[in-house]
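# A look at the structure
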Amino acid sequence: MYQEGDRPLHAIVREKTGRAVVLETVRDYANQRHAVWGITARNREQNFALNLLMNPEVDFVTLLGQAGTGKTLLTLAAGLLQTLETKRYSEIIITRVTVPLGEDIGFLPGTEEEKMTPWMGALEDNLDVLQNTDEEAGEWGRAATRDLIRSRIKVKSLNFMRGRTFINKYLIIDEAQNLTPKQMKTLITRAGPGTKVVCLGNIAQIDTPYLTEGSSGLTYVVDRFKGWGHAGHVTLQRGERSRLADHAAEIL
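Here the structure is a predicted model, which means the values were calculated and not measured.

For the rest of this paragraph, the subject is the overall build of the chain. Helices and strands together make up the secondary structure of the chain, namely eight helices and eight strands. Residues classed as buried in the chain amount to 44% of the 252 residues present. Restricting the contact set of the chain to residue pairs at least 6 apart, pairs at least 24 apart contribute 71%. Just so you have it, the chain exposes about 14200 Å², and 51% of that area is on carbon and sulfur atoms.

This part takes up helix H2 (residues 71–85). Think of an α-helix as 3.6 residues a turn; residues three or four steps apart then line up on the same face. With 15 residues, H2 should cover 21 Å at 1.5 Å per step; its first-to-last C-alpha distance of 21 Å lies within 8% of that length. Within H2, 14 of the 15 residues are buried, which leaves the element mostly enclosed by the surrounding structure. Of the residues one or two after H2, lysine 87 is the one with positive phi, at around 60 degrees.

Let's shift gears to the packing of helix H1 (residues 44–54) against H2. At a closest axis distance of 10 Å, the pairing of H1 and H2 adopts a crossing angle of 35 degrees. Crossing hand, H1 versus H2: right-handed. For the pair H1 and H2, the contacting residues are Gln46, Ala49, Leu50, Leu53 and Met54 in the first and Leu74, Thr75, Ala78, Leu81 and Gln82 in the second.

By size, the foremost hydrophobic cluster in this structure holds 34 residues, and its most contacted members are Val36, Trp37, Leu53, Leu80, Leu130 and Tyr170. Counting residues per element, the ones that place at least two in this core are H1, strand S3 (60–65), H2, strand S4 (91–96), helix H4 (121–131), strand S6 (169–174), strand S7 (196–201) and strand S8 (231–236). The element contributing the most residues to this core is H2, with eight residues. When residues no more than four places from it in sequence are discounted, the contact partners of leucine 53 are Val61, Leu63, Leu74, Thr75, Ala78, Gln82, Tyr170, Lys196 and Val198. Among the nonpolar cores identified, the runner-up in size contains 20 residues, and Ile93, Val97, Cys199 and Ile203 belong to it.

What counts as what
- Residues numbered from 1 in each chain as written.
- Predicted model: local features only at pLDDT ≥ 70, side-chain atom pairs only at ≥ 80, totals over all residues.
- Heavy atoms only, no water.
- Helix = DSSP H or I, 4+ residues; strand = E, 2+ residues; numbered from the N terminus.
- Buried < 20%, exposed > 50% of the residue type's maximum accessible area, 1.4 Å probe, protein only.
- Contact = heavy atoms within 4.5 Å.
- Areas by Shrake-Rupley, 256 points an atom, 1.4 Å probe, with all protein chains shown as cover.
- Expected span 1.5 Å × (residues − 1).
- Axes fitted to C-alpha atoms, helices over the stretch in contact; angles between N-to-C directions.
- Left-handed = near helix turned anticlockwise from the far one by under 90°.
- Core = buried A, V, L, I, M, F, W, Y, C linked by side-chain atoms within 4.5 Å.

Now the structure itself:
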């Protein structure tokens, strides 16, 4: 059951007797008063996702959903607020496996972050949205915010994660459906004290030929963490990108 409006929302389950039991009171992020970096939830799954992302007691979050459901936008908005405003985390770290959709273009020049830039198109698109949420800031204000945001977001390659320990970080693992269970374990065990790990992915879009929905590392961690009190999972069902994107996801 799910209740909307100004009253608190509740996650509710029913016992065999039929009696409703309130598990936990959650915040209504669909209300503009509770906007996260200018972003509000557009449906109840997004609302539950923001509650997990903003909850300091939840260390590990998995968000599944097709393109356009808001996985990356919600995760970045929650990360920016907790990094730049509440100072819960010192910085945001983003990583993903580099699997090309088409023909591989070969090795890329530059530093680690420069090599990862072509793979981070979704990050750039969502940052453009988040940087323009404050219409009253003006061009100078938005430019200053843009520079501040860029300074607190680090893009890291999956290949250099072994042996690292992240303390008080907000770690985002994008396109996690393309990771093997072993790779996923390597990444998650990098988390030190105060670090939150968020895995994003779409099981229907596995680009690695030797992985299936059943053998994906994302499926693996969703199943293994489901009984732990400091982890949460939400499957986002409703697309919010455009009617074209929603229709294409259904028919193609």
